[in-house]
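# Coordinate analysis (summary)
One-letter residues, chain by chain:
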Amino acid sequence: NRNWCDDIKETITYLDLSFNQIVNLPNATFSDLTQLTTLMLVSNPISNIPGDAFNGLTRLTDLGLSRTNIREMNVNWFTSLTALTDLYLINNEIRVLPPGVFQPLSNLSRLSIYGNQIREINRNSWGSGLANLVSIYLSDNMINFFDQQFLIDASSLDFLLLSGNLCVNEDFFNVQ
């Protein structure tokens, strides 16, 4: 019984499956692709991403999950993605960033998560995932609460884009 990726699993580093009408990702779909550094699943109507979908992708640096109908993030998605530097979650339907969801991503430097329905940015979603964060694109969400401890902990942050949010009564000018 051959797996779909048997012939390429030890050599492929870049896989772009964007615009393919993928609806479901089976458990551990990409686990045999141990050399993969870039995975793009952009613009697929994915209705189910299992918690172990990205297990074994310890070399993955770029992950594109934009326009994939994500409503809820699974805290297990990023468990083995310790090398991830760029994460794209643009134009989904994400409302909440669960506590610890970005915790394993200690090398994350760029996060694009604009065009969702996120209302709050809390430090507890990040943990050590804030250490190397250089840019975060949060435009066009519904953010009306921003944990200022996030800004303090994200000591490498150079670029924060918050246009098109509510952010009323937030005092960003007095953050040390």
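Please refer to the structure placed before this passage.
Residues numbered from 1 in each chain as written. Predicted model: local features only at pLDDT ≥ 70, side-chain atom pairs only at ≥ 80, totals over all residues. Heavy atoms only, no water.

Looking now at the nonpolar core. Ranked by size, the top nonpolar core spans 48 residues in total, and within it Phe 54 and Phe 102 carry the most contacts. For Phe 54, the contacting residues outside a window of four places in its chain are Phe 30, Leu 39, Leu 41, Ile 49, Leu 63, Leu 65, Trp 77, Ser 80 and Leu 81. (Core = buried A, V, L, I, M, F, W, Y, C linked by side-chain atoms within 4.5 Å. Buried < 20%, exposed > 50% of the residue type's maximum accessible area, 1.4 Å probe, protein only. Contact = heavy atoms within 4.5 Å.)

A word on the sheet that holds strand E4 (residues 86-88). The pairing of strands in a sheet happens through backbone hydrogen bonds and is either parallel or antiparallel. With parallel pairing, seven strands are arranged side by side in an open sheet as E1-E2-E3-E4-E5-E7-E9. Of all strands in the sheet, those bounded by a partner on one side alone are strand E1 (14-16) and strand E9 (159-161). Along the sheet, successive strands turn relative to each other by an average axial angle of 5°, direction set aside. As paired elements, E4 and strand E5 (residues 110-112) share three bridges and run parallel to each other. Pairing of Asp 86 across the sheet is with Arg 110, part of E5. (Pairing = 2+ DSSP bridges. Helix = DSSP H or I, 4+ residues; strand = E, 2+ residues; numbered from the N terminus. Axes fitted to C-alpha atoms, helices over the stretch in contact; angles between N-to-C directions.)

What follows deals with the layout of surface pockets. Using a probe with the size of a water molecule, rolled over the atoms, empty space left in the structure can be pinpointed. The volume enclosed by the largest pocket comes to roughly 180 Å³. As for the largest pocket, its lining consists of Pro 45, Ile 46, Ser 47, Asn 48, Ile 49, Thr 68, Asn 69, Ile 70, Arg 71, Glu 72 and Trp 77. (1 Å grid on protein atoms, 1.4 Å probe; cavity = no way out; pocket = protein on both sides within 12 Å on 5 of 7 lines; lining within 4 Å. Points joined across faces, edges and corners; volume = space filled by probe spheres on them.)

Evaluated as defined, the whole model comprises three salt bridges. Note that Arg 71 and Glu 93 form a salt bridge whose closest N and O atoms lie 2.9 Å from each other. Of this pair, Arg 71 sits in the loop between strand E3 (62-64) and E4 while Glu 93 sits in the loop between E4 and E5; the two residues are 22 residues apart in sequence, bridging distant segments of the chain. The class for Arg 71 is exposed, based on a relative accessible area of 55%. For Arg 123, the salt bridge is made with Asp 153, and the minimal N-O distance between the two is 2.1 Å. Within this pair, whereas Arg 123 is found in the loop between strand E6 (120-121) and strand E7 (135-137), its partner Asp 153 is found in helix H1 (residues 148-153), the two being separated by 30 residues in sequence. By relative accessible area, which is 30% here, Arg 123 ends up partly exposed. Under the relative-accessibility criterion, Asp 153 is labelled partly exposed at 23%. (Salt bridge = Lys/Arg side-chain N within 4 Å of Asp/Glu carboxyl O.)

Attention now moves to the packing of aromatic side chains. Geometry of an aromatic ring pair is reported as the spacing of the ring centres plus the angle between the planes. Evaluated as defined, the whole model comprises seven aromatic pairs. Arranged with centres 5.4 Å apart and planes meeting at 85°, the rings of Phe 146 and Phe 150 form a pair that is edge-to-face. Among the aromatic residues, those joined into a cluster by ring pairs are Trp 77, Phe 78, Phe 102, Trp 126, Phe 146 and Phe 150. (Phe/Tyr/Trp six-rings, centres within 6.5 Å; stacked < 30°, edge-to-face > 60°.)

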